[in-house]
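# An overview of the molecular structure
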Amino acid sequence: MNPFSYARAGDAVEALRLGHRNAATYLGGGTNLVDLMRERVARPDALVDVTGLSATIEETEGGGLLIGAAVRNTALAEHRAVRSRYPVLARAILAGASAQIRNMATVGGNLLQRTRCTYFYDTDGSRCNKRARGSGCDAIEGLNRGHAILGASSACVATHPSDMCVALAALHTIVHLQGSGGARTLPFGELHRLPGDHPELDTVLEPGELITAIELLSLPFASNSTYRKVRDRASYAFALVSVAAALEMDGGRITDVRIALGGVAHKPWRALKAEAALRDGPATEQSFRDAAIAELADAKPLRDNGFKVELAKRVLVAVLGDLAGAVA
Ligand SMILES: Cc1cc2nc3c(=O)[nH]c(=O)nc-3n(C[C@H](O)[C@H](O)[C@H](O)COP(=O)(O)OP(=O)(O)OC[C@H]3O[C@@H](n4cnc5c(N)ncnc54)[C@H](O)[C@@H]3O)c2cc1C
């Protein structure tokens, strides 16, 4: 680890001022950033601790929730309104990491945690375009069992690691940001990027821009939502494939549905094709399977991860079956 300065901000204005003055990196719970510093993937000269930002969860006038960037993952998963109105979010958070890590991890940090591609972390021996643009990607011809099957590029096949973000992608979520140009909001689906020619950029954030909150818009049928994660171990492992979904039905017909997949792409993957195939149709195993096939039609598996294509289809069918059964 190289030497760095440390300062703690009491609020967003102070964080921006300190961050701008020192070209600093923001520090949430540190559960990802400190590992990246230890592994010399990240070498910030200055840290601004942003755990003093808002840590409240408030009802909005529109019937949603405004969640401060410094809210810890445990507090969010345990919140009564989250558990009853957005159970997919509580389940996704609880499927990630460990209790100790969730106690430390913040909402802002979870959104911006970096890929778990082993080549990205291997600063001594591996080429990685995400770590050093233009250096090459050793995952493409390497051990790529955990890598992307959708939306990858010839520069990067890494996947996004967050469980929480898959749930946020399925819900109707807005990200609140503050930067040197003022405050702005972003639909959650526009925050993370596909790799293209610039895999070093995970998001569309401007340098120094701060996440101040996320907002869950009202989505009444999200009370019928869930998250399922398939991984190599029952705990303490990242997703091979995960599915977040919410389903609204009228009799045997689907009136609305929202789906996102995890473990398959460089960003949480909103399954718009599957949603379109399902909306206004019957809730049957065949329609679920057809929707899954439509979503995965463009999958381009690598040498070791072809199994993810069928796995994603099967998990999606199972999750939709559970949700349809829950409201039948
Ligand atoms: C052993 C282990 C297992 C794990 N397993 C899982 C898992 O199964 N599923 C899963 O989803 N996650 C898992 N995680 C990852 C964990 O969820 C993340 O490390 C955590 O969410 C990051 O939050 P943090 O507050 O600690 O972020 P930090 O490490 O502090 O920061 C992460 C990034 O966010 C930036 N940042 C932080 N706050 C802000 C802000 N307000 N505005 C702008 N930028 C900000 C930082 O600059 C940094 O780039 C695991 C982690 C470990 C160590």
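Please read all numbers here as calculations on a predicted model, not as lab measurements.

### Thoughts on the packing of aromatic side chains
- Tallied over the full model, the rule gives one aromatic pair.
- On the numbers, 5.6 Å between centres and 85° between planes, the contact of Phe 120 with Tyr 121 is edge-to-face.
- Residue Phe 120 is classed as buried on the basis of its relative accessible area of 0%.
- The class of Tyr 121 is buried, set by a relative accessible area of 14%.

### Overview of unusual backbone geometry
- In this structure, Ala 97 is a non-glycine residue whose phi angle is positive, near 55°.
- Position of Ala 97 among the secondary structure elements: in the loop between α5 (87-94) and α6 (99-104).
- Overall, Ala 97 belongs to the partly exposed group, its relative accessible area being 34%.
- Residue Tyr 236 is not a glycine yet carries a positive backbone phi of 60°.
- By the secondary structure assignment, Tyr 236 is in the loop between β9 (225-230) and β10 (241-250).

### Examining the nonpolar core
- Grouped together as the largest cluster of nonpolar side chains are 41 residues, with contacts concentrated most on Leu 76, Leu 89 and Leu 111.
- For this core, the leading source of residues is helix α9 (residues 164-170), giving seven residues.
- Excluding anything up to four places from it in sequence, Leu 76 contacts Ile 57, Ile 67, Val 71, Val 82, Leu 89, Ile 93, Val 107 and Met 164.
- Listed in part, the 31 residues of the second largest apolar core include Ile 149, Leu 247, Ala 271 and Ala 324.

### Regarding the sheet that holds strand β7 (residues 182-187)
- Taken in spatial order, the five strands make up an open sheet running β4-β5-β8-β6-β7, and their pairing is antiparallel. Edge positions in the sheet fall to β4 (57-59) and β7, since each of these pairs with one other strand and no more. Going across the sheet, the axis of each strand differs from the next one's by a mean of 25°, ignoring polarity.
- Relative to strand β5 (residues 65-68), β4 is paired through three bridges, and the arrangement is antiparallel. By the bridge assignment for β5, Glu 59 is matched with Leu 65.

### So, the environment of Val 88
- By secondary structure assignment, the location of Val 88 is in helix α5.
- Owing to a relative accessible area of 1%, Val 88 belongs among the buried residues under this scheme.
- Once the C-alpha coordinates of Val 88 and Val 166 are considered, the two residues, 78 residues apart in sequence, prove to be 9.3 Å apart.
- Not counting residues within four places of it along the chain, the set of residues in contact with Val 88 comprises Ala 167, Leu 171, Ser 225, Thr 226, Tyr 227, Ala 244 and Ala 245.

Cut-off values and rules
Residues numbered from 1 in each chain as written. Predicted model: local features only at pLDDT ≥ 70, side-chain atom pairs only at ≥ 80, totals over all residues. Heavy atoms only, no water. Phe/Tyr/Trp six-rings, centres within 6.5 Å; stacked < 30°, edge-to-face > 60°. Buried < 20%, exposed > 50% of the residue type's maximum accessible area, 1.4 Å probe, protein only. Helix = DSSP H or I, 4+ residues; strand = E, 2+ residues; numbered from the N terminus. Core = buried A, V, L, I, M, F, W, Y, C linked by side-chain atoms within 4.5 Å. Contact = heavy atoms within 4.5 Å. Pairing = 2+ DSSP bridges. Axes fitted to C-alpha atoms, helices over the stretch in contact; angles between N-to-C directions.

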